[in-house]
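Summary of the model geometry
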Amino acid sequence: MAATREGTVVTAAPDAVVRPIRAQQLAVAAALALAVAAAWAWLLPMALDMYGAMDGPAAWMMQTHWDWPYAAAIFAMWAAMMVGMMLPSAVPVLLLHARLTCADPAAPLMRSHVFAAGYLLVWTGFSMAATALQWGLSAAGLLSPMMAASAPLPAALLLLAAGTFQVTPLKQRCLSRCRSPLAWLRVHWKPGVEGALRLGLRHGVYCLGCCWALMLLLFAGGVMSLPLIAGLTILVLAEKLAPAVLRVDRWTGGLLIAAGLWVLLASGAQM
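First things first, this report covers the structure right here in the doc. Everything quoted here is computed from the prediction, not taken from an experiment. (Residues numbered from 1 in each chain as written. Predicted model: local features only at pLDDT ≥ 70, side-chain atom pairs only at ≥ 80, totals over all residues. Heavy atoms only, no water.)

1. Concerning the overall build of the chain
Looking only at helices and strands, the chain features eleven helices and two strands. The N-to-C order of helical and strand elements in the chain reads β-β-α-α-α-α-α-α-α-α-α-α-α. When burial is assessed residue by residue, the chain has 42% of its 271 residues classed as buried. Of the contacts made within the chain by residues no fewer than 6 positions apart, 76% connect residues no fewer than 24 positions apart. Surface exposure of the chain reaches about 13,600 Å², of which carbon and sulfur atoms provide 72%. (Helix = DSSP H or I, 4+ residues; strand = E, 2+ residues; numbered from the N terminus. Buried < 20%, exposed > 50% of the residue type's maximum accessible area, 1.4 Å probe, protein only. Contact = heavy atoms within 4.5 Å. Areas by Shrake-Rupley, 256 points an atom, 1.4 Å probe, with all protein chains shown as cover.)

Structure follows, in structure tokens:
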């Protein structure tokens, strides 16, 4: 922008444009970091206690009889886990959304937070479904008290299912949306707070379509297994942020299928 004052051209400093964008992105980044840190601060002590003395924050998980208060606690655990595991992989699109909304004076920061809330709302729905599935698996005796598959066969089937899904066209379509946030936002952009919510929900659906099978691997190795939780978090990040030419999804799909077959063969040899 330029204006004249007594015959002199005055040019607006770039900082006048850049500073509000940076401030918006920093505010969103701080909120995301706080949410992720809070989730891990709750999950980490439970995960460590689960495979330790089991006399601390994980003691309540040892209940074998399911009731609605216990189901609510398990749901809260799953919801916190999804925040800690999935929100980091959404940081690029959330910060890009914050940058784009900063150009609009109509509640830009609120819209960024609503966009993130819409994204997390989808994973909250997944947490409800995962809680119901865990309840059913526990009632059928397919989950051990350590919240892992109680027999090799269901663990192998979960590995095979997750590995097979990794190479399906649906996985590729959903992952392509997550890998190209700018192109995706340009196509699906919606104005206003309601538009930000719809945008967050839509992106959450694509992310769920990309990662739901990987999340079910928690039932194979242990819902509160810290190495598995950390490994899946890193894998989701790698799938979305690594160059597509590395084909992280295809490599992990092959490894998961191989692991599933190995578990099947090993369990058959022991029978």
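Moving on from the model shown.
2. Examining the packing of aromatic side chains
The final tally for this structure, using the stated rule, is nine aromatic pairs. Grouping aromatic residues by their ring pairs yields a cluster made of Trp 60, Trp 66, Trp 68, Tyr 70 and Trp 135. (Phe/Tyr/Trp six-rings, centres within 6.5 Å; stacked < 30°, edge-to-face > 60°.)

3. Some details on the nonpolar core
Nonpolar side chains tend toward joint burial in soluble globular proteins. Ranked by internal contacts, the top residues of the largest apolar core, which has 70 residues, are Met 77, Trp 78, Met 81, Met 86 and Met 215. The element best represented in this core is helix α2 (residues 68–86), accounting for eleven residues. Each residue touching Met 77, except ones within four places of it in the same chain, is listed here: Trp 42, Leu 43, Met 46, Met 61, Gln 134, Met 147, Val 223 and Met 224. (Core = buried A, V, L, I, M, F, W, Y, C linked by side-chain atoms within 4.5 Å.)

4. Quick look at α2
Compared with an ideal rise of 1.5 Å per residue, which puts 19 residues at 27 Å, α2 spans 26 Å between its outermost C-alpha atoms and is within 8% of the ideal. A distance of 2.9 Å separates the backbone nitrogen of Tyr 70 from a side-chain oxygen at the start of α2, and that oxygen is part of Asp 67. (Expected span 1.5 Å × (residues − 1). Polar contact = N/O pair within 3.5 Å; in protein donor to acceptor, adjacent residues only side chain to side chain.)

5. Quick look at the environment of Arg 99
Assignment of secondary structure puts Arg 99 in helix α3 (residues 91–101). Classification of Arg 99 by relative accessible area gives partly exposed; the value is 44%. Taking the C-alpha atoms as reference points, Arg 99 and Arg 22, separated by 77 residues in sequence, lie 7.8 Å from one another. Once residues within four sequence positions are removed from consideration, Arg 99 is found in contact with Ile 21 and Gln 25.

Function cannot be inferred from these measures alone, as they are strictly geometric.
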